[in-house]
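# Results of the structural survey
Residue strings, one per chain:
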Amino acid sequence: MTLAFVDYLILALYFAFVLGIGWRLRTKISTSGDFLTSGRSVSVWITSLAFLAANLGAQELIGMSASGAKYGIMTAHFYWLGAVPAMLFVGVFMMPFYYGSRARSVPEYLKLRFDEKTRGLNAITFAAMTVFSSGISMYALGLLLQLVLGWSFTASVLLSAAIVLIYTLLGGLTSAIYNEVLQFFLIVAGFTPLAVMAVLKAGGWNGMSARLPQVMTHAWRYLPEASQNPMGVEWFGLVAGLGFVLSFGYWCTDFLVVQRAMAADSMSAARRTPLIAAFPKMVFPFIVIVPGIAAMSLASMSSGYVLPVKGSGYDYDQVLTTLMAQFYPSGLLGLGLTALMASFMSGMAGNVTAFNTVWTYDIYQSYIRPGAPDKHYLTVGRVTTVVGTALSIATAYLAQHYNNIMDLLQLVFGFVNAPLFATFLLGMFWKRATGHGAFTGLAAGISAAALTHGLTEAEQKGAWISNTHHFPSTMAQNFWIAIFAWSTCFTVTFLVSLATKPKAEEELRGLVLGLTEMPSDGDLPWYKRPVPLALVVLAVLTVLNIWFW
């Protein structure tokens, strides 16, 4: 892949623009709340695009294209089954509790609803997860710059991390959110032409269907048995593991995305944020997954396209970059690379801003130095941004052991988000749930995830205790890790709660169903009301699933 002057110019202009946004917003940062939570002042269309863009990191684009090549159109389930329904649920049902409680973070909500130890456990596990997720973004971008510019992996990671660090330090969460909006449009503009070119070169959808195994072009038809599809999962494992546990665990409890909705300027805007974001989310499989399917079709043709090999199989993580090298001319290549840089910065900045908020408010202020002046916490937030970036650089090297970074990402979510969703489900909708039950359940769920991973093996990963079961793919293993983690947490939380004393109802007002006044939106037009918006999304979603059945 050779870059021309115009390609470097586009990259340079982008770097200057994102740093300029941070510089422009620096004057708005005077308190820890401004830096870490944006002061709940952002309009709904910005929070909606940021809500989506925070999940469009390099691991999302490169990983989903890789999974498209590895698993086919079944990968679209990560959007149509594993994202959109949960986005509707958090907007319609859960956001009134988050936003109405005035909590500054998800762990802080857990403190208000349960107790301090539950908040502490979640804060620590979430901080670890954001570091891993940010490191995966760094790994993906390091591969990109190594391939395109010939730089060393370490130099690539350090330079890109420095750029994100600067604009996040300058403008905090607000800077990250506004840059995420810019990055969203760059990603769409940078990858839509690639999807069109690759599919047309492969002969369109009909041409790809004729050239590839039928299982690669059907989303549901080959799910009755795990042996029938490349993902190695049956319909129950997919629906329960991905569609329920992992998806609801991520979109409903992950502070990285919830933080964007909580930055909205009103309750109505906070509830509509994930619903509006669901519309472009449904379209993204055509931009990031279909090119991966086209790549496998092109590799089977005499098209000149070759997918690199890694170990005994393909290096699926290079699908997107090798397609760009194959199809993009100068100028368009620069735009595509800028879009990948944008996706990296979007994912990394999202994780870093979530990490610094949770560390500052939920760990440092709670356990290390409570009662300090606000300017002290502003300083801690900025220092934590630097520390979080450094830790992320270290974890980038772990991702080198996987040939599909989405496999690693889903494994991390299975350990953290899957049991956490059981805690939130009981906490928000059952006033009898107790702090002792929540803490014990979370600890048991995380332990169940570790045991499942240690006792099972997939693609030579796991089984570090004993190999008692073999999964045909790491993704199937991840789904069942999530199922066991959620089920264990739910059961233990329920049983321990029955045996322990709950909080008084007065302490739970605004935090749990039945003791919270739900917002009224009857006087708003239909497109500003959460329920009608959700019904429209569900109708479109149903059509897509039937079309690609």
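Residues numbered from 1 in each chain as written. Predicted model: local features only at pLDDT ≥ 70, side-chain atom pairs only at ≥ 80, totals over all residues. Heavy atoms only, no water.

What follows covers the overall build of the protein. In terms of regular secondary structure, the protein is built from 21 helices and five strands. Its C-alpha radius of gyration of 22 Å places the protein within 12% of the 24 Å reference for a compact globule of 549 residues. Based on the C-alpha atoms only, the size of the protein along its principal axes is roughly 70 × 55 × 50 Å. By residue count, 62% of the 549 residues in the protein fall in the buried class. Only carbon and sulfur atoms are counted for the fraction: they give 67% of the accessible area of the protein, which is about 19,200 Å². Between the mean site of the 30 positive side-chain charges and the mean site of the 24 negative ones, the protein shows a separation of 5 Å. (Helix = DSSP H or I, 4+ residues; strand = E, 2+ residues; numbered from the N terminus. Rg over C-alpha atoms; globule rule 2.2 N^0.38 Å. Buried < 20%, exposed > 50% of the residue type's maximum accessible area, 1.4 Å probe, protein only. Areas by Shrake-Rupley, 256 points an atom, 1.4 Å probe, with all protein chains shown as cover. Lys, Arg positive; Asp, Glu negative; His and termini not counted. Charge placed at Lys NZ, Arg CZ, Asp CG, Glu CD.)

Attention now moves to the state of the cysteines. What the rule picks out here adds up to zero disulfides. With no disulfide of its own, Cys252 lies 15 Å from the sulfur of Cys489, the closest cysteine sulfur. (Disulfide = S-S within 2.5 Å.)

The α-helix advances 3.6 residues per turn, and as a result positions three or four apart in sequence lie on the same side. All buried positions along helix H10 (residues 204–211) are accounted for by Gly204, Gly207, Met208 and Ser209. Residues of H10 that are buried make contact with helix H9 (153–201) and helix H14 (285–299). (Contact = heavy atoms within 4.5 Å.)

Time to look at the sheet that holds strand E5 (residues 469–470). Overall, mixed pairing links the three strands, which are arranged E4-E3-E5 in an open sheet. The open sheet has two free edges, formed respectively by strand E4 (461–462) and E5, since each of these has just one partner strand. As paired elements, strand E3 (residues 456–458) and E5 share two bridges and run parallel to each other. If you follow Thr456 over to E5, its bridge partner there is His469. Each of E3, E4 and E5 is contacted by helix H19 (residues 435–455), which is oriented at about 65 degrees to E3, the strand it contacts most. (Pairing = 2+ DSSP bridges. Axes fitted to C-alpha atoms, helices over the stretch in contact; angles between N-to-C directions.)

Model confidence for the protein is summarised by a mean pLDDT of 83, while 96% of its residues fall at 70 or above. Taken element by element, the protein is modelled with least confidence in helix H2 (residues 32–37), mean pLDDT 70, and with most confidence in H19, mean pLDDT 94. (pLDDT = per-residue confidence, 0-100.)

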